[in-house]
Structure formats: C-alpha cells, structure tokens
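Each chain, written out:
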Amino acid sequence: MALPVFGRVETPRLVLRRLRAEDLDALVAYRGDPEVARYQSWSDYDAQRGRQLIEMMQGRQPGEVGWFQFAIALKDTDALVGDCALRVDEYDTRLGEIGFTLSRKYQGQGLGTEAVRALLGYAFGTLRMHRVIGVTDAKNTAAARVLEHVGMRREGHFIENVFFKGAWGDEFQYALLGREWARAAQR
C-alpha cells in the first residue's frame, strides 16, 4: 500500500503538522527544560540537535518504518507547543508505538490528550494500523493519565527493565487495537 502524503491533522485547538525550521527556538526551549526532559531519553537538548531532528523529518513520511516526529501547534497561532511521534515497526508495519512531549507552559490543559487522540486517529484511520503501544516511565503519572484518557489499556508493568539517567527504572506499557479505536469512535 502506498503511503498517503502527510499534510496535517486538525483538532479543535491543535494542528499536527511537520516540524519546520521556524519551530527551532520553541523546540529547543521546551526540550531543553529539565522538567520536560525528566522522563525523556535526552539531556542537554541544544539547537544542533533540534536542527538535526527538523531536517531528518523533512525527508520522512509518517507510516514509513521508524519514527516520525509531528509538530503539535496551536490551531489559532501555529505556535509550536510540543511534539508527538509514531514509530512503525520494522517487521510488521501494522504495529506502532507513540510518544509525546509538551512544553511545560501547555501541560495540564488537555492538549496532550487532544494531540495523542489525533495521532491515534491518524495511525488507525489513515494508516490502518492494527495495534499501537505507548511506553512510559512508571513515575510519569501525567503521561500514564493521557494514555488512559485516550482509551489505551495498561498491559504491562516492567520492573527495573531500563537503566535510565543513572538508575534502574520501571515502565508501563499501554496498548490499543484498531478495532477498539473504531468501536470507541462510534459511541
């Protein structure tokens, strides 16, 4: 199946779109915030890393094997407030994983839930994926809440399965099937 060309996904308050060069300052500001990066794989996020990410995403299409990073922008101003990602499994492109990051200034307003719901809609609707997972640090209660609010079920609690930023940590794995997403959308 040929992948559809990605343009944008709109929600009542947000747009998921490609990252652009003009997003660099906002991207570096929130990804460089130690509180935002606390549960993320990076530390010391700088302009060079931001530019590399933006440039790498220009040559990619969501639905291709590997990660695609979407910009989360406010619909009324197009200001970048975060990013979310979809990873397509290399062995079975019907399987995926999501991730999301939101600027601290925009957390706690339901925007993460709105963005993740839009991302799942794209994964299950446009890309016709079968199953999508989300993995979060067990201490990241806000991310776990988002995954639960969008209808994902916690399928696993992995004890000290990852050595992360100098210590062993636990992770939760959440999942949702395409048919479950479709059923929930009909309600």
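Residues numbered from 1 in each chain as written. Predicted model: local features only at pLDDT ≥ 70, side-chain atom pairs only at ≥ 80, totals over all residues. Heavy atoms only, no water.

A few points about the packing of aromatic side chains
What characterises a pair of aromatic rings is the spacing of the ring centres plus the angle enclosed by the ring planes.
Here is step 1 of the chain: For the coordinates displayed, the defined rule picks out eight aromatic pairs.
Here is step 2 of the chain: Centre to centre, the rings of F70 and Y122 are 6.0 Å apart; their planes meet at 75°, and the pair counts as edge-to-face. With F70 in strand β3 (residues 66-74) and Y122 in helix α4 (residues 111-126), this residue pair connects regions lying 52 residues apart in the sequence.
Here is step 3 of the chain: Assessed through its relative accessible area of 0%, F70 is described here as buried.
Here is step 4 of the chain: Through a chain of ring-to-ring contacts, three or more aromatic side chains come together here, namely F6, F68, F70 and Y122.
Here is step 5 of the chain: Residue placement shows R31 over the ring face of W42; its charged tip is 3.9 Å from the ring centre. (Phe/Tyr/Trp six-rings, centres within 6.5 Å; stacked < 30°, edge-to-face > 60°. Helix = DSSP H or I, 4+ residues; strand = E, 2+ residues; numbered from the N terminus. Buried < 20%, exposed > 50% of the residue type's maximum accessible area, 1.4 Å probe, protein only. Lys NZ or Arg CZ within 6 Å of the ring centre and 35° of its normal.)

A few points about the layout of surface pockets
To locate leftover empty space, one rolls a probe as large as a water molecule over the atoms.
Here is step 1 of the chain: Of the pockets and cavities examined, the largest pocket occupies roughly 1400 Å³.
Here is step 2 of the chain: Y39, Q40, F100, T101 and N140 are, among the 50 residues lining the largest pocket, the residues nearest its centre.
Here is step 3 of the chain: By residue number, the principal contributor to the lining of the largest pocket is helix α5 (residues 141-149), which donates seven residues.
Here is step 4 of the chain: The residue inventory of the lining of the largest pocket, partitioned by class, reads 21 nonpolar, 17 polar and twelve charged.
Here is step 5 of the chain: If you add up the space inside the second largest pocket, you get close to 220 Å³. (1 Å grid on protein atoms, 1.4 Å probe; cavity = no way out; pocket = protein on both sides within 12 Å on 5 of 7 lines; lining within 4 Å. Points joined across faces, edges and corners; volume = space filled by probe spheres on them. Nonpolar A, V, L, I, M, F, W, Y, C, P; charged D, E, K, R; others polar.)

Topic: the packing of helix α1 (residues 24-31) against helix α3 (residues 47-58)
Here is step 1 of the chain: In contact at an axis separation of 9 Å, α1 and α3 are set at 120° when each is read in the N-to-C sense. Overall, the two elements α1 and α3 adopt an arrangement that is oblique. Both α1 and α3 take part in a crossing whose hand is right-handed. Contact residues: L24, L27, V28 and R31 in α1; A47, G50, R51, L53 and I54 in α3.
Here is step 2 of the chain: Among the residues making up the contact of α1 with α3, the classes are represented as six nonpolar, one polar and two charged. (Axes fitted to C-alpha atoms, helices over the stretch in contact; angles between N-to-C directions. Parallel < 35°, antiparallel > 145°, perpendicular 65-115°, else oblique. Left-handed = near helix turned anticlockwise from the far one by under 90°. Contact = heavy atoms within 4.5 Å.)

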